[in-house]
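# Examining the three-dimensional arrangement
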Amino acid sequence: MSMKIYNTLTRKKEEFVPLEPGKVKMYVCGPTVYNLIHIGNARPMIVFDTVRRYMEHKGLEVNYVSNFTDVDDKIIKKAIEEGVEASVISERYIAECKKDMAAMNVKPATTHPLATEEICGMLEMIQTLIDKGHAYTAADGTVYFRTRSFQEYGKLSHKNLDDLRGGNRSLLVSGEEQKEDALDFVLWKPKKEGEPYWESPWCDGRPGWHIECSVMSKKYLGDEIDIHAGGEDLVFPHHENEIAQSEAANGKTFAKYWMHNAFLNIDNKKMSKSLGNFFTVRDISEKYDLQILRFFMLSAHYRSPLNFSAELMEAAKNGYERIVTCVDNLKFLTEKAKSEGMSGAEEALLQEAEGFVAKFDEAMDDDFNTADAIAAIFELVKFANTNAKEDSNKAFLQGLKDKIVMLSDICGLIVDKQEELLDEEIERLIQERQEAKKAKNFARADEIRDELLAKGIALKDTREGVKIVRV
Ligand code: AMP
Ligand code: ZN
């Protein structure tokens, strides 16, 4: 079966056909970095990382770009409070965010661009929009996008432009009288005292929020991409404005599929910094292994609202541990198994187990229904618990374990704890070897190389760094 994606643009589930066979260009709007991320921000990270992992499992090469918004009113406000440069704040929280991502087993993006490093591209795109008549400069140097010049405005959020616009002056908030139309939005705005700014042909200032994603997506993925994603609060105005900017500037369809996750709620209200009803990922990590948070997020379909509660986290803990315990047990039995081969009956059972793998795939192919996919893993766990015996053969036990680990791995869930420990140990040794080499202690470096080899790990020094090969 082919993969289906619910496309916000068409409001339909559509078959996923990449622009270029075998390759996927995917852009996910990232966080504004002025604080530790909360678990609402973690939802798109986990969900779209799982989409990426499933696509990679299916053999697609995914170019995954996710930005950090590192220039913004909230960052500047915090910098002023602390009496430091804005970059001190953004750098601090980017580093913290990356730690949280690693702890949730969210893979680093292929590229994590920063808004402040892409100002040149923004100036270029804004100039193109002005040249094409899609943008204009006001007396104070603010550049606005001329929304009415983009005929298809509203196509993503399914809003009627006339209802939205109406040239309604009452929609204009103070200071915005210079707009031609209430729906026009800022591309570039003049600096304020004490704020970071860049020179531009229009005024010293800084970009509006929406332009960064249009520019980064174009630079790292090209004018046309396969998937653009984010939380559903981004549909309007952020993504609608991104479409207007990109399509007006490039003359091409910006993204083929638009994916949006529903909110993570608390007491049925969106978890957000502004409402103050949030838990940071760090808060949760004090009580739970973040694998459990990941499991919790994936236990619902990404387009369904998910209400955070202590009970659901406990249920996620039990669910996750059920898989880990099964894998542990299979490993224990494998170590004790007497015979290597597999009986005919075991071969038939392993074949039957393939049915659960097919169920998992079917759920994921249906717009990444992770809730049903996890249910398929549970069925496989139950099957393994019933059929793995003390007198089972090694290959059979190993086969069952491999299937459970493979499916969990697609969800980004680490269920083979020992393997994780081994990896940490290996990483520590690799690090120590690098340090030994730096200190010209080649004897110790060679010793570590041999130690790793004994663990089945060969190291190859390449120009890009150390490559690990399992032997
Ligand atoms: P922000 O830093 O607010 O721009 O958010 C970064 C990402 O997190 C965006 O994709 C938001 O849509 C998403 N997001 C923020 N709050 C929530 C929430 N409560 N539930 C789900 N997604 C959220
Ligand atoms: Zn964006």
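For the structure, see preceding data.
Just so we're clear, the structure is a prediction, and the values are computed from it rather than from any experiment.

### Concerning the coordination of the zinc ion (ligand 2)
Protein coordination at the zinc ion (ligand 2): the donors are C29 (SG), C213 (SG), H238 (NE2) and E242 (OE), at 2.0 to 2.6 Å from the metal. Given 4 donor atoms and angles of 70 to 126° at the metal, the environment of the zinc ion (ligand 2) is assigned as irregular. Positions of the donor residues of the zinc ion (ligand 2) along the chain correspond to the pattern C-x183-C-x24-H-x3-E. Taken together, the residues span a long stretch of sequence, with C213 in helix α6 (residues 210–221) and H238 in helix α7 (residues 235–250) at a distance of 25 residues.

### Section: the sheet that holds strand β8 (residues 205–207)
If you walk across this open sheet you meet the 4 strands as β5-β6-β7-β8, and the pairing is antiparallel. The open sheet has two edge strands with one neighbour each: β5 (135–137) and β8. Put simply, the sheet's adjacent strands are angled 20° from each other on average, direction ignored. Contacts from helix α4 (residues 119–131) reach β5, β6 (143–145), β7 (185–190) and β8, with the element oriented near 120° to β7.

### Quick word on α6
Taking 1.5 Å as the rise per residue, α6 with 12 residues should run 16 Å; its terminal C-alpha atoms sit 17 Å apart, in good agreement. Where α6 is concerned, the buried positions are H210, I211, E212, C213, S214, V215, M216, S217 and L221. Count one or two residues on from α6 and you reach G222, which has phi positive near 105°.

### What about the site of ligand 1?
As a matter of local geometry, ligand 1 sits amid 18 residues, with T32, G231, D233, L264 and M271 nearest to it. The backbone of G231 places a nitrogen or oxygen atom 3.0 Å from an oxygen atom of ligand 1. If ligand 1 stood free it would expose 490 Å²; the protein chains cover 89% of that surface. Among the secondary structure elements, those contributing two or more residues to the shell around ligand 1 are α1 (39–57) and β9 (225–231). Sorting elements by how many residues they give to the shell around ligand 1 places α1 first, with 3 residues. Across the shell around ligand 1, the residue classes break down as 8 nonpolar, 8 polar and 2 charged.

### Quick look at the sheet that holds strand β4 (residues 61–66)
To summarise the sheet geometry, strands pair through backbone hydrogen bonds and adopt either a parallel or an antiparallel arrangement. One open sheet accounts for 4 strands, arranged β4-β3-β9-β10; its pairing is parallel. Among the strands making up the open sheet, the edge pair consists of β4 and β10 (255–261). When strand polarity is set aside, the average angle formed by the axes of neighbouring strands in this sheet is 20°. Strand direction decides the pairing type here: β9 and β10, joined by 6 bridges, are parallel.

### What about the pattern of salt bridges?
A pair can form between side chains of opposite charge whenever their charged atoms are brought close. Within the structure shown, the criterion is met by 35 salt bridges. Across the pair E20 and K23 runs a salt bridge whose closest N-O atoms are separated by 3.8 Å. Residue E20 is classed as partly exposed on the basis of its relative accessible area, which comes to 38%. Residue classification places K23 among the partly exposed residues on the basis of a relative accessible area of 33%. For E96, the salt bridge goes to R282, with nearest N and O atoms at 2.8 Å. In this pair, E96 sits in helix α3 (residues 86–103) while R282 sits in helix α8 (residues 281–287), placing the two residues 186 residues apart along the sequence.

Calculation notes
- Residues numbered from 1 in each chain as written.
- Chains lettered and ligands numbered in written order.
- Predicted model: local features only at pLDDT ≥ 70, side-chain atom pairs only at ≥ 80, totals over all residues.
- Heavy atoms only, no water.
- Donors = N, O, S within 2.8 Å, 3.2 Å for Na, K, Ca; no water.
- Tetrahedral: all angles 85-135°; square planar, octahedral: opposite > 155°, others 65-115°.
- Helix = DSSP H or I, 4+ residues; strand = E, 2+ residues; numbered from the N terminus.
- Pairing = 2+ DSSP bridges.
- Axes fitted to C-alpha atoms, helices over the stretch in contact; angles between N-to-C directions.
- Contact = heavy atoms within 4.5 Å.
- Expected span 1.5 Å × (residues − 1).
- Buried < 20%, exposed > 50% of the residue type's maximum accessible area, 1.4 Å probe, protein only.
- Near = heavy atom within 4 Å.
- Polar contact = N/O pair within 3.5 Å; in protein donor to acceptor, adjacent residues only side chain to side chain.
- Areas by Shrake-Rupley, 256 points an atom, 1.4 Å probe, with all protein chains shown as cover.
- Nonpolar A, V, L, I, M, F, W, Y, C, P; charged D, E, K, R; others polar.
- Salt bridge = Lys/Arg side-chain N within 4 Å of Asp/Glu carboxyl O.

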